[in-house]
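# Analysis of the macromolecular model
What follows is each chain in one-letter form.
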Amino acid sequence: MTIEGLNKLKKDSYLVLLPDADYDIKDSVEFCFDNVIYLDFELSEDDANKIVDFVNNKGSKLIIFDWCEAYRLILPYISKKREIKFVYKNNLAQLTNSGVRGTYTRIMEFYDRNIIKEIACLDKSTSIVLKKAGYRASHLLLDVKIKSRKSKSNNSIGLIGDDYNPNHNTYNQLSALKLVDYDYCKIVPNMPATKHFIDFFEIKAKEVNSTFDALVDNDINLYCNFTFNNMELILKSLDLGIPCLLGNTDIFDDYPKLKQYLVLDSDDDIGEIANKIKNVRENKASILKEYEKYRKEYTKESKKLINEFLK
């Protein structure tokens, strides 16, 4: 949706602002919310005023994701009669990253000024910590439309993390491929070091242009992060019938079979990654059957949490 689309919205509609830094969750935000304005440009003062005018005079509430400097042209001017809610994408472990820490600090500034009324966290543990610290915090699950596309059967392996993010464990995952049978791995290489690593260790790799290209038509996908998982990628992979191996995470804690096969005990154990790949292949049908149960409950819980958030 563009700024011009504000004129077409009904009275008491909520408005969502999504900066370009969060386009990795764009599909799930678009699926779960209406009236999403994408801030992939430098917002002019005139456009900021149009957003403020809509929220104050016609809208019900403003929902913002993470941080964008344009918010400083908007948030202080929203009427106290209107609610501003904030969705925090990152988890507490990510605060070691200066950029994430900067986002957190700026948002807390507006919370302390009583401009932001509620903080919804995509990471459950972060919401628990903030609640216990006295913040008005909640947990939010973003869902994504189930793709009807049928995945082709290949003996390829997809790496769907970002090689420039040290939390995404790229080099341990690539190393594990030397211990398993595969035709090639699909990867979006951004770092020259990654290309050098692939060439030096003679890893059979196929460069692709997007994360989705790396994700589809594989035997298994690797997303063995140390921290900070994007649920959108995990859901997309498994919805296509492609098991997705994860780092040590609580995502499947209530589903023992998924936890057993899809979650690592030690994220940086190359041998364990290789063994898990073999076990996933041997038990794929059982894994996907269990995922069907998980998926139904996930969708149900996502709708419930989003409805509560929008009240």
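The following paragraphs examine the structure supplied in this document.

### What about the packing of helix α8 (residues 231-239) against helix α11 (residues 284-310)?
Packing of α8 against α11 brings their axes to within 11 Å, and their N-to-C directions diverge by 135 degrees. One way to sum up the angle between α8 and α11 is to call them oblique. Considering only the axes of α8 and α11, their crossing is left-handed. Mapping the contact onto sequence places Met-231, Leu-235, Leu-238 and Asp-239 in α8 and Leu-288, Tyr-291, Tyr-294, Arg-295 and Tyr-298 in α11. Grouping the amino acids of the contact of α8 with α11 by side-chain chemistry returns seven nonpolar, no polar and two charged.

### Things to note about the sheet that holds strand β11 (residues 244-246)
With parallel pairing, five strands are arranged side by side in an open sheet as β9-β8-β7-β10-β11. Edge positions in the open sheet fall to β9 (205-207) and β11, since each of these has one partner strand only. Between one strand axis and the next, the sheet turns through 25 degrees on average, direction left out of account. Two strands pair when backbone bridges link them, and strand β10 (residues 220-223) and β11 are joined in this way by three bridges, in the parallel orientation.

### Re the side chain of Thr-227
Among the structural elements, Thr-227 can be located in the loop between β10 and α8. Among the polar contacts listed, one links the side chain of Thr-227 to the side chain of Asn-91, at a separation of 2.9 Å. Apart from residues no more than four positions distant in its own chain, Thr-227 is found in contact with Asn-91, Ala-93, Gln-94, Asn-167 and His-168.

### Section: the packing of aromatic side chains
Applying the stated criterion across every chain, the model contains 16 aromatic pairs. Seen from their ring centres, Phe-33 and Phe-65 are 6.1 Å apart, and the 80 degrees between their planes marks the pair as edge-to-face. Pair noted here: Phe-33 is in the loop between α1 (26-32) and β2 (36-39) and Phe-65 is in strand β3 (residues 61-65), with a separation of 32 residues, a long-range link. Note on accessibility: Phe-33 and Phe-65 belong to one class, buried. Arranged with centres 5.9 Å apart and planes meeting at 35 degrees, the rings of Tyr-294 and Tyr-298 form a pair that is tilted. Placement of the pair is Tyr-294 and Tyr-298 together in helix α11, with a separation of four residues, close to one helical turn. Of the residues examined, Tyr-294 reaches a relative accessible area of 7% and is grouped as buried. Among the aromatic residues, those joined into a cluster by ring pairs are Phe-252, Tyr-255, Tyr-291, Tyr-294 and Tyr-298.

### Some thoughts on the pattern of salt bridges
With the rule as written, the count across this model stands at 18 salt bridges. In this structure, Glu-69 engages Arg-72 in a salt bridge whose closest nitrogen and oxygen atoms are separated by 3.6 Å. For Glu-69, a relative accessible area of 46% corresponds to the partly exposed category. With a closest N to O distance of 2.5 Å, Asp-253 and Lys-259 form a salt bridge. Given the relative accessible area of 27%, Lys-259 is considered partly exposed. Linked through salt bridges whose partners overlap, the residues forming this network are Glu-69, Arg-72, Arg-106, Glu-109 and Arg-113.

### Points about unusual backbone geometry
Trans peptide bonds make up most of the peptide bonds, and negative phi angles are found at most residues other than glycine. Non-glycine residue Asn-35 carries a positive phi angle of around 55 degrees. As for its position among the elements, Asn-35 is in the loop between α1 and β2.

### What to know about the environment of Ala-176
For Ala-176, the position within the fold is in helix α5 (residues 170-176). As for Ala-176 and Asn-275, which are separated by 99 residues in sequence, their C-alpha atoms are 9.0 Å apart. Those residues within four positions of Ala-176 in sequence are excluded, and the remaining contacts are Ile-270, Ile-273 and Ala-274.

Thresholds, definitions, all that
All chains use their own residue numbering, which begins from 1 and follows the written sequence. Residues qualify for local features only when their pLDDT is at least 70, as the model is predicted, and side-chain atom pairs are given and counted only at 80 or more; totals for whole chains, interfaces and linings, by contrast, use all residues. Excluded from the side-chain calculation are hydrogens and water; included are all heavy atoms of the structure. Only the stretch in contact is used when a helix axis is fitted, and all axes are lines through C-alpha atoms; the angle between N-to-C directions ranges over 0 to 180 degrees. Think of it this way: any DSSP run of H or I at least four residues long counts as a helix, any run of E at least two long counts as a strand, and we number them from the N terminus. Orientation is classified from the angle alone, with under 35 degrees giving roughly parallel, over 145 giving roughly antiparallel, 65 to 115 giving roughly perpendicular, and any other angle giving oblique. In this scheme, a crossing is called left-handed if the near helix is turned counterclockwise away from the far one by less than a right angle; it is called right-handed if the turn is clockwise. Pairs of residues are marked as contacts when any of their non-hydrogen atoms sit within 4.5 Å. Residues are grouped as follows: Ala, Val, Leu, Ile, Met, Phe, Trp, Tyr, Cys and Pro are nonpolar; Asp, Glu, Lys and Arg are charged; every other residue, Gly included, is polar. Strand pairing is assigned whenever DSSP identifies at least 2 bridges connecting the two strands. Each polar contact in these results corresponds to two N or O atoms within 3.5 Å; when the atoms are within protein, one needs to be able to donate a hydrogen and the other to accept it, and residues that are neighboring in sequence are counted only if both atoms are side-chain atoms. Classification of ring pairs uses Phe, Tyr and Trp, with its six-membered ring standing for Trp, and accepts pairs whose centres are within 6.5 Å; under 30 degrees between planes counts as stacked, over 60 as edge-to-face, and the remaining range as tilted. Each residue is assigned to one of three classes by its accessible area relative to the maximum for its type, calculated with a 1.4 Å probe on protein chains only: buried under 20%, partly exposed between the two thresholds, exposed over 50%. Put simply, a salt bridge is a Lys or Arg side-chain nitrogen that is within 4 Å of an Asp or Glu carboxyl oxygen.

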